[in-house]
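Analysis of the macromolecular model
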Amino acid sequence: DAGARELIARLVGDRPGAWDLAGEIPSAVLRELGREGLLCAQVPKSCAGLGYGSERNGELTAYVGSLCSSLRSVMTSQGMAAWTIQRLADAGQREALLPRLTGGQLAAVAFSEPEAGSDLSAIRTEIVPNGDTVVVDGHKVWATAATYADLILVFGRYGDGAGVVAVPADTPGVRVEKVADPLGCRAAGHASVRLDSVRLPRSTLLGGGGQPLPLLVTTALAYGRMSVAWGCVGILRACLDAVGAHARTRRQSGRPLGGHQLVVRHLAELLAAEQIATRVSEHASRCWDTGSPEQVTATVLAKHVSAGHAVKGAATAVQVLASAGTTDGHVVARAYRDAKLMEIIEGSSEICQLILGQHALTR
Ligand code: FAD
């Protein structure tokens with residue numbers, strides 16, 4: 001993927017620190033990457049996508065994550081939206097929607113609500129059929145990339161089951177309110193979304209609605225978890241590079257930092273963390289690419305392990321760079337703040353542990 005990486009490197013340049021401080025990525029950058037299909041590279045060629053497998057998309061995600069976790073978060077949301085459409089929409093909806101997502105339009109996924117975080121069974125958003133339309137009422141929170149999105153996938157109750165509706169962000173009754181000053185991934189466009197009597201054609205309800213809510217959220221989350229796992233690999237690679245360069249050049253007590261054994265131990269731990277995160281993510285992606293029955297567990301494991309290592313690894317990186325790494329926008333300072341969020345999203349560490357623990361009990 002040398003061409004893709006070259007384009008990404010050219011569009012990103014040395015700007016992630018400035019984007020972090022400004023809380024925004026220029027939309028021209030997002031749209032160009034979107035038009036190249038790189039924000040959701042797993043969309044099949046038959047639907048105007050690049051047709052990447054999970055492992056290839058994962059390595060691309062790690063590359064983007066090593067440069068800018070905000071951009072990687074936008075990529076995760078776009079990929080999650082595309083995957084949800086791929087899995088839940090009917091053929092006509094897939095043909096209509098997926099080429100938009102590989103053609104420069106941007107998407108967000110909204111399931112969380114003020115009272116529905118880890119427990120999504122508490123979702124209150126209502127999608128109500130009315131003739132050949134549906135009417136959506138609800139309040140979503142923390143939807144990544146929503147400030148940039150043309151299309152927001154909204155999860156809600158529908159009859160006795162649930163549904164996902166593809167809501168154009170400019171529909172009357174939709175209000176997108178940016179989250180002010182998030183801890184990390186500050187330029188990822190997190191927003192709450194208010195939906196007041198939003199009327200849409202019934203054809204926007206993916207797969208006709210009425211599916212079980214756990215099926216809907218698990219479909220979206222599975223892709224999100226895989227993407228976050230690889231994003232954490234990227235965070236660790238960025239930290240490893242920054243720490244290696246600093247330990248070779250910064251001198252204290254008459255020698256480079258890398259000449260002090262306790263500093264080298266930090267490097268060894270960081271390398272081990274990057275390798276562990278890479279291997280669990282590779283394993284999970286290969287389960288996706290081969291349709292292995294282990295896929296669900298391997299994905300949760302990859303997300304949980306990679307996020308935990310990214311948090312520890314980023315803290316180690318700040319420790320080694322010390323004052324040099326503690327200015328806002330610096331690559332390791334960003335890594336430190338961004339990594340923490342990876343333990344919260346797409347199923348917190350505790351929720352992942354519950355799933356893995358249950359698997360261990362019953363396998
Ligand atoms: P809570 O559910 O209130 O949990 C609080 C704490 O209690 C956590 O430590 C949790 O692990 C623990 N806990 C909760 N229940 C249990 C339990 N049963 N057993 C053990 N521990 C438990 N949402 C979207 O819909 N779309 C997005 O794109 C999106 N992006 C996000 C990006 C960021 C940066 C953040 C911070 C959030 C995002 N979210 C998004 C919301 C995210 O999915 C939720 O924050 C997450 O599910 C946790 O919910 P909560 O914050 O309400 O915490």
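Structure's up top.
This text gives an overview of the structure that appears in the document. No experiment lies behind these values; they were computed from the predicted model shown.

Observations regarding the pattern of salt bridges
The final tally for this structure, using the stated rule, is 17 salt bridges. With its nearest N and O atoms 2.7 Å apart, the salt bridge here joins R56 to D1. Placement of R56 in helix α4 (residues 54-67) and of D1 in the segment before α1 (2-12) is noted, with a sequence separation of 55 residues between them. The exposure class assigned to D1 is partly exposed, which follows from its relative accessible area of 37%. Among the salt bridges present, the one from R31 reaches D150, with a minimum N-O distance of 3.1 Å. In this pair, R31 sits in helix α3 (residues 27-35) while D150 sits in the loop between β3 (133-143) and β4 (151-158), placing the two residues 119 residues apart along the sequence. Owing to a relative accessible area of 25%, R31 belongs among the partly exposed residues under this scheme. Among the charged side chains, a salt-bridge network with shared partners connects D20, R186, D328 and R337.

Observations concerning the side chain of S70
Locating S70 in the fold gives a position in helix α5 (residues 69-88). Within polar-contact distance, the side chain of S70 engages the backbone nitrogen of R186 at 3.4 Å. Residues contacting S70, with those up to four places away along its chain left out, are I25, C185, R186, A187 and A188.

What to know about the packing of aromatic side chains
This model, assessed by the stated rule, comprises three aromatic pairs. For the pair F111 and F155, a centre-to-centre distance of 5.6 Å together with 90° between the ring planes defines the contact as edge-to-face. Residue F111 is located in the loop between β1 (107-110) and β2 (126-130), and its partner F155 is located in strand β4; the two are separated by 44 residues in the primary sequence. Assigned by exposure class, F111 and F155 land together as buried. By way of ring pairs, the aromatic residues W83, Y223 and W288 are connected into one cluster. Here R56 stacks its cationic end above the ring of Y52, 3.9 Å away from the centre of that ring.

Let's talk about the pairing of β3
Pairing analysis gives five bridges linking β2 to β3, with the strands arranged antiparallel. When the sheet's bridge partners are listed, E126 is paired in β3 with D137. As consecutive antiparallel partners, β2 and β3 are separated by two residues, and within that stretch G131 has a phi angle of approximately 60°, a positive value. Two strands pair when backbone bridges link them, and β3 and strand β7 (residues 191-201) are joined in this way by eight bridges, in the antiparallel orientation. The residue bridging V135 from the neighbouring strand is R199, located in β7.

Comments concerning the site of the ligand
Around the ligand, the surrounding shell holds 18 residues, and the nearest of these are S112, S118, W142, T144 and S348. Within the backbone of V109, an N or O atom sits 2.9 Å from a nitrogen atom of the ligand. In the model, an oxygen atom of the ligand is placed 2.5 Å from a nitrogen or oxygen of the S348 side chain. If you list the elements that add at least two residues to the shell around the ligand, you get β1, β3 and α11 (349-362). By residue class, the composition of the shell around the ligand is eleven nonpolar, six polar and one charged.

Things to note about unusual backbone geometry
For A48, which is not glycine, the phi dihedral falls at a positive 70°. Structurally, A48 can be placed in the loop between α3 and α4. Its identity as a non-glycine residue notwithstanding, A322 has a phi of 50°, on the positive side. Here A322 lies in the loop between α9 (295-321) and α10 (331-342). Exposure remark for A322: the relative accessible area of 37% places this residue in the partly exposed category.

Thoughts on the packing of α5 against helix α7 (residues 213-249)
At a minimum axis separation of 9 Å, α5 and α7 run at an interaxial angle of 150°. Relative to α7, the element α5 lies roughly antiparallel. As for the relative orientation of α5 and α7, their crossing is right-handed in sense. In this structure, α5 uses S69, R72, T76, G79, M80, W83, T84, R87 and L88 to contact α7, whose residues at the interface are L216, T219, A220, Y223, G224, S227, V228, G231 and I235. The residue makeup of the contact of α5 with α7, split by class, is eight nonpolar, eight polar and two charged.

What counts, and where the lines are drawn
- Residues numbered from 1 in each chain as written.
- Predicted model: local features only at pLDDT ≥ 70, side-chain atom pairs only at ≥ 80, totals over all residues.
- Heavy atoms only, no water.
- Salt bridge = Lys/Arg side-chain N within 4 Å of Asp/Glu carboxyl O.
- Helix = DSSP H or I, 4+ residues; strand = E, 2+ residues; numbered from the N terminus.
- Buried < 20%, exposed > 50% of the residue type's maximum accessible area, 1.4 Å probe, protein only.
- Polar contact = N/O pair within 3.5 Å; in protein donor to acceptor, adjacent residues only side chain to side chain.
- Contact = heavy atoms within 4.5 Å.
- Phe/Tyr/Trp six-rings, centres within 6.5 Å; stacked < 30°, edge-to-face > 60°.
- Lys NZ or Arg CZ within 6 Å of the ring centre and 35° of its normal.
- Pairing = 2+ DSSP bridges.
- Near = heavy atom within 4 Å.
- Nonpolar A, V, L, I, M, F, W, Y, C, P; charged D, E, K, R; others polar.
- Axes fitted to C-alpha atoms, helices over the stretch in contact; angles between N-to-C directions.
- Parallel < 35°, antiparallel > 145°, perpendicular 65-115°, else oblique.
- Left-handed = near helix turned anticlockwise from the far one by under 90°.

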